[in-house]
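Overview (structure and organization)
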Amino acid sequence: MSTLEKIENTVVNGVKEIAEDACEFEKVAENIAVGTYKIIEETVVDGFTTISDAFIEKYLMKEGENLEEAKERINKEQEELAAKNKARNQVNVNIPDSNEIVKKNLESSLNAGKR
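Keep in mind that this is a model prediction, so the values were computed, not measured.

Conventions adopted
Residues numbered from 1 in each chain as written. Predicted model: local features only at pLDDT ≥ 70, side-chain atom pairs only at ≥ 80, totals over all residues. Heavy atoms only, no water. Helix = DSSP H or I, 4+ residues; strand = E, 2+ residues; numbered from the N terminus. Rg over C-alpha atoms; globule rule 2.2 N^0.38 Å. Buried < 20%, exposed > 50% of the residue type's maximum accessible area, 1.4 Å probe, protein only. Lys, Arg positive; Asp, Glu negative; His and termini not counted. Charge placed at Lys NZ, Arg CZ, Asp CG, Glu CD. Salt bridge = Lys/Arg side-chain N within 4 Å of Asp/Glu carboxyl O. Phe/Tyr/Trp six-rings, centres within 6.5 Å; stacked < 30°, edge-to-face > 60°. pLDDT = per-residue confidence, 0-100. Patch = residues over 30% accessible without salt bridge, like charges linked within 9 Å, V, L, I, M, F, W, Y side chains within 5 Å. Areas by Shrake-Rupley, 256 points an atom, 1.4 Å probe, with all protein chains shown as cover.

Below, the discussion takes up the overall build of the protein. Within the protein, the secondary structure is distributed over three helices and zero strands. Expected size for 115 residues packed as a compact globule is a radius of gyration near 13 Å; at 36 Å, the protein overshoots this value by more than 25%. The dimensions of the protein, computed from C-alpha atoms along their principal axes, are 115 × 60 × 20 Å. Scored against the burial criterion, the 115 residues of the protein give a buried share of 6%. When the 16 basic and 24 acidic side-chain charges of the protein are each reduced to a single mean position, those positions are 16 Å apart.

What follows deals with the pattern of salt bridges. Counting across every chain of the model gives three salt bridges. Put simply, Lys71 and Asp53 hold a salt bridge, and the shortest N to O gap is 2.8 Å. Placement of the pair is Lys71 in helix H2 (residues 67-90) and Asp53 in helix H1 (residues 3-60), with a sequence separation of 18 residues. Between Arg73 and Glu77 there is a salt bridge, with its nearest N and O atoms 3.1 Å apart. Taken together, the residues span about one helical turn, with Arg73 and Glu77 both in helix H2 at a distance of four residues. Taking the relative accessible area as the measure of exposure, Glu77 reaches 39% and is therefore partly exposed.

Describing an aromatic ring pair means giving the distance of the ring centres and the angle of the ring planes. Counted according to the given criterion, the structure contains one aromatic pair. Note on Phe55 and Tyr59: the rings are 5.0 Å apart at their centroids and 45° apart in plane angle, and the pair reads as tilted. Note that Phe55 and Tyr59 are positioned in helix H1 at a spacing of four residues, about one turn of the helix. For Tyr59, a relative accessible area of 55% puts it in the exposed group.

Within the secondary structure layout, Asn89 lies in helix H2. A residue is classified by how much of its surface remains accessible, and Asn89, at 64% relative accessible area, is exposed. C-alpha separation for the pair Asn89 and Gly47, spaced 42 residues apart in sequence, amounts to 36 Å.

In this model, the protein carries a mean pLDDT of 86, and residues with pLDDT of at least 70 account for 90%. Here helix H3 (residues 98-114) stands out as the element of the protein with the lowest mean pLDDT, 73, in contrast to H2, whose mean of 91 is the highest.

What follows covers a nonpolar patch on the surface. On the surface, a cluster of nonpolar side chains totalling about 270 Å² of accessible area is made up of Ile7, Val11 and Val15. Among the secondary structure elements, Ile7 is positioned in helix H1. Looking at Ile7, the relative accessible area reads 48%, which means it is partly exposed.

In structure tokens, the structure reads:
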């Protein structure tokens, strides 16, 4: 094996090692990022749940209810309200356009002056 071939093999092997190290580094960085995201997500969700539960306990629980019963009642009330709103929004009410109203009033005024 010539000196040139030895140098070539050394360089090729070095580049391969660098590429493998880069891939390994990328995997480690990805694991760190994903792990950090999960920690942040859990912390935020847990914090929100704690605040939400405290609010329900302080302002929305009825006497004799525990936290889970209050949450179930509130969810049921919200579902009923959403159903009522949906039904109300489905009613087809014919409301004239404001321009139409102005036009009719103007025509009435002009016609009244012609009499």
